[in-house]
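Chain by chain, the residues run as shown.
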Amino acid sequence: MKNKSIKVSSILKSRWAKPAKLSAMTLLCGTILFSCSSGETETAAVSEEPGLAHESTTTEVAVADDGKGIGPVKTVEVGPGIEEALAAEGQTLFEGKCSACHQLSDQKVVGPGLAGVTENRKPEWVMNMIINPEEMTKKDPIAKKLLAEHLTQMTNQNVNEQDARAILEFLRQNDQSI
Ligand code: HEC
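No experiment lies behind these values; they were computed from the predicted model shown.

**Some details on the overall build of the protein**
Then step 1. Across its full length, the protein carries eight helices and zero strands.
Then step 2. For the protein, the succession of helices and strands along the chain, N to C, is α-α-α-α-α-α-α-α.
Then step 3. Here the protein holds 178 residues, and 24% of them are scored as buried.

Next up, the structure:
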């Protein structure tokens, strides 16, 4: 048995050795060819980059300025009072999808306590954070800061817009009852 396994591995070695050398050669040749023939294209690509980066920074700042966050929710109507049935629906969703990481007080668990969140943020921002947390923590200045503080990425809980609206109503109810 021992002998056999040694044989197999030495065959494998000799079989692998050649293609590895070959592909290294091909790569080398390819690199040389590429850098000779495409000098012009490369320069063009490099000079375009700063412009692109600048453009996207400007867009991010503009989005951040309206305080609505980044995501599908552009405008939300909220009444002065609480829609009780909607808030109750939101409570059920919250308990199933959010309460492992969030308290309704100001106490942090994994994520920040959510007391006062509907007073400190726009309703659109709260909904976009619920629906689109990964992009929010990358691009929205407030969400970025929160991630830096809490050091855990909020998970995408697959909440659709309608359910996010219900959760928002529940969080508004929570804030009005404090
Ligand atoms: C795995 C833990 C986790 C789950 C589950 C989670 N969150 Fe979060 N949440 C966080 C963390 C952590 C942050 C801070 C931002 C970050 O680090 O990603 C956050 C931030 C937030 C914020 C912003 C708070 C503020 O102070 O502005 C809101 C609102 C929020 N979450 C709501 C929810 C809702 C609603 C759910 C359920 C649908 C939910 N989260 C599910 C961890 C979680």
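**What about the site of the ligand?**
Then step 1. Surveying the vicinity of the ligand reveals 28 residues, the closest of which are Cys98, Cys101, Gly111, Leu146 and Met154.
Then step 2. For the shell around the ligand, the secondary-structure elements that each account for two or more residues are α3 (84-97), α5 (123-131), α6 (133-139) and α7 (141-150).
Then step 3. Here the shell around the ligand gets four residues from one element, more than from any other, and that element is α7.
Then step 4. A per-class count over the shell around the ligand returns 18 nonpolar, eight polar and two charged.

**Concerning α5**
Then step 1. In terms of burial, α5 is largely enclosed, as nine of its nine residues are buried.
Then step 2. Buried residues belonging to α5 abut α4 (117-120), α6, α7 and α8 (161-176).

**Overview of the environment of Thr152**
Then step 1. Along the chain, Thr152 turns up in the loop between α7 and α8.
Then step 2. On the basis of neighbour counts, which here come to 11 C-beta atoms within 10 Å, the residue Thr152 falls in the exposed class.

**Concerning α8**
A turn of α-helix holds 3.6 residues, and therefore any two residues three or four places apart point the same way.
Then step 1. Here α8 contains 16 residues, and its C-alpha end-to-end distance of 22 Å stays within 8% of the 22 Å for a straight helix at 1.5 Å per residue.
Then step 2. Burial analysis of α8 places twelve of its 16 residues in the buried class, the great majority of the element.
Then step 3. Asp163, Ala164, Arg165, Ala166, Ile167, Leu168, Glu169, Phe170, Leu171, Arg172, Gln173 and Asn174 are the residues of α8 that are buried.
Then step 4. Structurally, α8 contributes buried residues whose contacts are with α3, α4 and α5.

**A word on the nonpolar core**
Proteins that are soluble and globular tend to have nonpolar side chains buried together.
Then step 1. Residues Val126, Met127, Ile130, Ile167 and Leu171 are the most contacted members of the largest nonpolar core, which totals 22 residues.
Then step 2. Listing elements by their share of this core, those giving two or more residues are α3, α5 and α8.
Then step 3. In this structure, Ile167 is in contact with Gly90, Leu93, Phe94, Ile130 and Val159, ignoring residues within four places of it in sequence.

**Here we look at unusual backbone geometry**
Then step 1. Within the chain, Leu151 stands out as a residue other than glycine whose phi angle is a positive 60°.
Then step 2. Among the structural elements, Leu151 can be located in the loop between α7 and α8.
Then step 3. Backbone geometry places Asn158, a non-glycine residue, at a positive phi of 55°.
Then step 4. Within the element layout of this structure, Asn158 appears in the loop between α7 and α8.
Then step 5. A count of 8 C-beta atoms within 10 Å places Asn158 in the exposed class.

**Observations regarding the confidence of the model for the protein**
Regions with low pLDDT should not have their predicted coordinates read in detail.
Then step 1. On average, residues of the protein carry a pLDDT of 79, and 63% of them reach 70 or more.
Then step 2. In this model residues 8-22 is a low-confidence stretch, pLDDT under 50, and it forms zero contacts with partners more than four residues away in sequence or in other chains.
Then step 3. Note on residues 24-53: pLDDT is under 50 here. Beyond four places in sequence and across chains, it has zero contacts.

Thresholds applied
Residues numbered from 1 in each chain as written. Predicted model: local features only at pLDDT ≥ 70, side-chain atom pairs only at ≥ 80, totals over all residues. Helix = DSSP H or I, 4+ residues; strand = E, 2+ residues; numbered from the N terminus. Buried ≥ 20, exposed ≤ 12 C-beta atoms within 10 Å, placed from the backbone. Near = placed C-beta within 6 Å. Nonpolar A, V, L, I, M, F, W, Y, C, P; charged D, E, K, R; others polar. Contact = placed C-beta atoms within 7 Å. Expected span 1.5 Å × (residues − 1). Core = buried A, V, L, I, M, F, W, Y, C linked by C-beta atoms within 7 Å. pLDDT = per-residue confidence, 0-100.

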